[in-house]
Amino acid sequence: MSLPLESKIALVTGASKGVGKGIALELARQGCAVVVNYQSDQAGADQTVSEIAALGGRALAVRGNVGNSADVDRLIAAPIEKFGRVDILVNNAGVQTWKPLLDLEESEWDRTLATNLKGTFLCTQRAARRMKEQGGGRIVNIGSGCNKIAFPNLVDYTASKGGIEMFTKSAAVELGQYGITVNCVAPGAVEIERTKNEAGNYAGTWSKLTPLGRVGVPADVARAVAFLAGEAAAFITGQTIWVDGGLFSRPNWPYA
């Protein structure tokens, strides 16, 4: 029996760990060959590649800073040189600074916007040029609850993720004529290595606020990405899919 994404070639940025790793593994399970991008965590990227190989899939780790145009050019060339094309791009790479607005350094703002928003622009532009030549493709951007709600002490991250949502819509409108869909997946509270280290009892705290009664895991986000990358989502573009267990649909309601 054929797999849903059999013979497709995917590039996932920031895939050495966390949500990006989960996305890379899920795309591989569904039949994709995957280019695993990383910037500093080579060991993590190599582990992702090894786990994909253990699933019987094909993968390649490629270092690159998504906020640097020369790196992105090399990154987009990698799947084409190795596998012949690029069908799916997942813009997952992201950083943040946990600091009040009044204390945020200009360099911290620049780093976050360069990685999260400029990186999404550069990778989308370069990949879409290739996809246009091929006759189509799928681009999925990873957003956040910050797409909808302002998060205190995360002004750079919130600004970048809000920008990604509007970039998604604009790119979808421009690229639709080439058979390229562009969508955004916005996770809620997802337990990964970073979030567990940032806050004590992360799962316990956020599960109480989430209508489905639990936090998310990378596989929850990954399955939504795989859906948007597949044929079942061929007529969906410019949309944000919330993978949050209802967290950001729940109002701050003063009544029991």
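Everything below is about the structure printed above this text.
Not measured: the values here are computed from a predicted model.

Trainee: For this particular structure, what's the right way to read the pattern of salt bridges?
Mentor: When the charged atoms of two side chains lie near each other, side chains of opposite charge can form a pair. A full pass over the atoms with the stated rule returns ten salt bridges. Across the salt bridge formed by D87 and R85, the nearest N and O atoms sit 2.6 Å from each other. Relative accessible area serves as the criterion here: at 31%, R85 is assigned to the partly exposed category. Among the salt bridges present, the one from E231 reaches R138, with a minimum N-O distance of 3.5 Å. Taken together, the residues span a long stretch of sequence, with E231 in the loop between α8 (218–229) and β7 (240–243) and R138 in strand β5 (residues 137–142) at a distance of 93 residues.

Trainee: What should I look at first to understand the environment of A128 in this one?
Mentor: By the secondary structure assignment, A128 is in helix α4 (residues 106–134). For A128 and I88, which are 40 residues apart along the polypeptide, the C-alpha to C-alpha distance reads 9.7 Å.

Trainee: Got a minute to help me understand the sheet that holds strand β6 (residues 180–187) in this structure?
Mentor: Strand pairing in a sheet relies on backbone hydrogen bonds. The paired strands run either parallel or antiparallel. Read from one edge to the other, the open sheet built from seven strands follows the order β3-β2-β1-β4-β5-β6-β7, with strand pairing classed as parallel. Unpaired on one side and paired on the other, β3 (59–63) and β7 mark the two borders of the sheet. Across the sheet, the mean angle from the axis of one strand to that of its neighbour is 20 degrees, orientation sign disregarded. In this sheet, β5 lies alongside strand β4 (residues 88–91) in parallel orientation, the contact comprising four bridges. Residue pairing across strands places L89 opposite I139, the latter belonging to β5. Along the sheet, helix α5 (residues 155–175) contacts β5, β6 and β7; its crossing angle with β6, the most-contacted strand, is approximately 160 degrees.

Trainee: Honestly, the nonpolar core in this entry has me stumped. Any pointers?
Mentor: One recurring pattern in soluble globular proteins: nonpolar side chains tend to sit buried together. Judged by nonpolar contacts, the single largest core of 33 residues is most densely connected at I23, L27, V34, V185 and V221. Elements that contribute at least two residues to this core include exactly β1 (9–12), α1 (18–29), β2 (33–38), α2 (42–54), β4, β5 and α8. For this core, the leading source of residues is α8, giving seven residues. With residues near it in sequence (within four places) discarded, L27 still touches L5, A10, V12, C32, V34, V90 and A226. The next biggest cluster of nonpolar side chains, apart from the first, holds 24 residues, and it includes V35, L75, A127 and V182.

Rules behind the numbers
- Residues numbered from 1 in each chain as written.
- Predicted model: local features only at pLDDT ≥ 70, side-chain atom pairs only at ≥ 80, totals over all residues.
- Heavy atoms only, no water.
- Salt bridge = Lys/Arg side-chain N within 4 Å of Asp/Glu carboxyl O.
- Buried < 20%, exposed > 50% of the residue type's maximum accessible area, 1.4 Å probe, protein only.
- Helix = DSSP H or I, 4+ residues; strand = E, 2+ residues; numbered from the N terminus.
- Pairing = 2+ DSSP bridges.
- Axes fitted to C-alpha atoms, helices over the stretch in contact; angles between N-to-C directions.
- Contact = heavy atoms within 4.5 Å.
- Core = buried A, V, L, I, M, F, W, Y, C linked by side-chain atoms within 4.5 Å.

Interpretation note: all reported values are geometric properties and have no functional meaning in isolation.
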